[in-house]
Amino acid sequence: MATISYGLNGKVFLVTGGSRGIGFEIAKMMLAEGAKVAICGRKQEGLDAAAAELAAGENLLAVSAHVAKEEDVNRMFDQVVEQFGTIDGLVNNVGMNIATGAVDADFGLWQKIVDSNLNGTFLCSRKAGQIMREKKQGKIVSITSIAARRAAPFMGIYGVAKAGIEMMTRVLAQELAPFNIQVNAVAPCMVRTKFSQPFWSNADIHDQIVKTVPLGRIAEPADVAHPTLFFCSEAANFITGQILMVDGGATAV
Ligand SMILES: NC(=O)c1ccc[n+]([C@@H]2O[C@H](COP(=O)([O-])OP(=O)(O)OC[C@H]3O[C@@H](n4cnc5c(N)ncnc54)[C@H](OP(=O)(O)O)[C@@H]3O)[C@@H](O)[C@H]2O)c1
């Protein structure tokens, strides 16, 4: 692919869950544009490995934080503003699933999945919205999933949480539009990361999934990172409250 520029030079972004997978790819592309980027994750060793690979010096801040813990989120935003002086955009990338049927799930499991996907997105978006509202400019992009629109076995609680992010995207888009803050979301199908490795590394399951994708393959992290950077750019200044399906046409069928 030819080199594409999104004009993010000098901008400051927080990418939650940027220590691997899709978030790592988003952070890498932003840093290549000349942006200053903060990433977070729960495990320090993952952050250390990501920081070593990104090798971005003072343009990168790696923060250990759980996005569903309010005190962690407040500390993380304080660190970002302290190091970079401001924040121009938030990417709510953290997500997790533990494959389970909803009917048999205990409440603790429900809470865990809703916490990391939906509650974390709320806590981070609220904080980013409050900071960016002051300067009347900003971008919030959340990574949801086609699971928000398709009930699938063992993905039910995750799908409910992601559907909540879709509505939160529209709600925050309305609330923050008067402050020139655009809020959008990207909804991928299966992406080749650790998150979904048990599925795509199994040849039979992989082939079954690919049959549901008109473009005939699963997504790579870069397929999701590009539209995310677009939403973070000035080219998307008149787009808000939208969910972009990045699924090779799967939900168009
Ligand atoms: N891969 C797919 O097939 C696929 C498809 C559709 C949508 N998505 C969505 O895309 C997003 C990124 O997924 P991915 O595939 O890149 O996942 P991944 O490879 O599992 O990476 C997840 C990242 O989030 C961090 N993380 C997880 N829970 C966290 C928490 N509570 N607080 C802070 N950090 C946390 C992880 O670091 P630690 O483990 O150190 O916390 C890691 O950096 C998610 O929202 C996911 O739901 C993925």
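Calculation criteria
Residues numbered from 1 in each chain as written. Predicted model: local features only at pLDDT ≥ 70, side-chain atom pairs only at ≥ 80, totals over all residues. Heavy atoms only, no water. Axes fitted to C-alpha atoms, helices over the stretch in contact; angles between N-to-C directions. Helix = DSSP H or I, 4+ residues; strand = E, 2+ residues; numbered from the N terminus. Left-handed = near helix turned anticlockwise from the far one by under 90°. Contact = heavy atoms within 4.5 Å. Nonpolar A, V, L, I, M, F, W, Y, C, P; charged D, E, K, R; others polar. Core = buried A, V, L, I, M, F, W, Y, C linked by side-chain atoms within 4.5 Å. Buried < 20%, exposed > 50% of the residue type's maximum accessible area, 1.4 Å probe, protein only. Salt bridge = Lys/Arg side-chain N within 4 Å of Asp/Glu carboxyl O. Phe/Tyr/Trp six-rings, centres within 6.5 Å; stacked < 30°, edge-to-face > 60°. Lys NZ or Arg CZ within 6 Å of the ring centre and 35° of its normal.

Account for the packing of helix H3 (residues 70-84) against helix H4 (residues 107-135), with residues named and values stated.
H4 packs onto H3 with a crossing angle of 35 degrees between their chain directions and a minimal axis gap of 10 Å. Between H3 and H4 the crossing geometry is right-handed. Side by side, H3 and H4 meet where Glu70, Val73, Asn74, Met76, Phe77 and Val81 of the first sit next to Leu123, Cys124, Arg126, Lys127, Ala128 and Ile131 of the second. Partitioned by chemical class, the residues of the contact of H3 with H4 number eight nonpolar, one polar and three charged.

Please give an account of the nonpolar core that cites residues and values.
Note on soluble globular proteins: their nonpolar side chains tend to be buried together. If you look at the biggest cluster of nonpolar residues, it comprises 32 residues, and the most contacted ones within it are Ile26, Met30, Val37 and Ile39. Looking at this core, the elements that each hand over two or more residues are strand S1 (12-15), helix H1 (21-32), strand S2 (36-41), helix H2 (44-54), strand S5 (138-143) and helix H8 (221-232). If near-sequence neighbours (up to four positions away) are discounted, Met30 is found in contact with Leu8, Phe13, Val15, Ala35, Val37, Val91, Leu229 and Cys232. By size, the runner-up hydrophobic cluster in this structure holds 27 residues, among which are Ala38, Val73, Leu90 and Leu176.

Talk me through the pattern of salt bridges; I want residue IDs and the actual numbers.
Within the structure shown, the criterion is met by seven salt bridges. The salt bridge partner of Arg149 is Glu166, with a shortest N-O separation of 2.9 Å. Within this pair, whereas Arg149 is found in the loop between S5 and helix H5 (156-176), its partner Glu166 is found in helix H5, the two being separated by 17 residues in sequence. Note on Arg149: relative accessible area 46%, which makes it partly exposed. A relative accessible area of 7% places Glu166 in the buried class.

Tell me about the packing of aromatic side chains, residues and numbers included.
On inspection of all chains with the given rule, the structure shows two aromatic pairs. Relative to Phe195, the ring of Tyr158 lies with its centre 5.7 Å away and its plane at 40 degrees, an arrangement referred to as tilted. Here the residue Tyr158 occupies a position in helix H5, and Phe195 occupies one in the loop between strand S6 (181-188) and helix H6 (197-200), the gap between them amounting to 37 residues. For Tyr158, a relative accessible area of 6% corresponds to the buried category. For Phe195, a relative accessible area of 41% puts it in the partly exposed group. With a centroid separation of 5.8 Å and 40 degrees between ring planes, the pair formed by Phe230 and Phe231 is classed as tilted. Residue classification places Phe230 among the partly exposed positions, given a relative accessible area of 28%. If you follow Arg133 out to its NZ or CZ, it ends over the ring of Phe179, 5.9 Å from the centre. Lying over the aromatic face of Trp200, Arg192 brings its terminal NZ or CZ to 5.5 Å of the ring centre.

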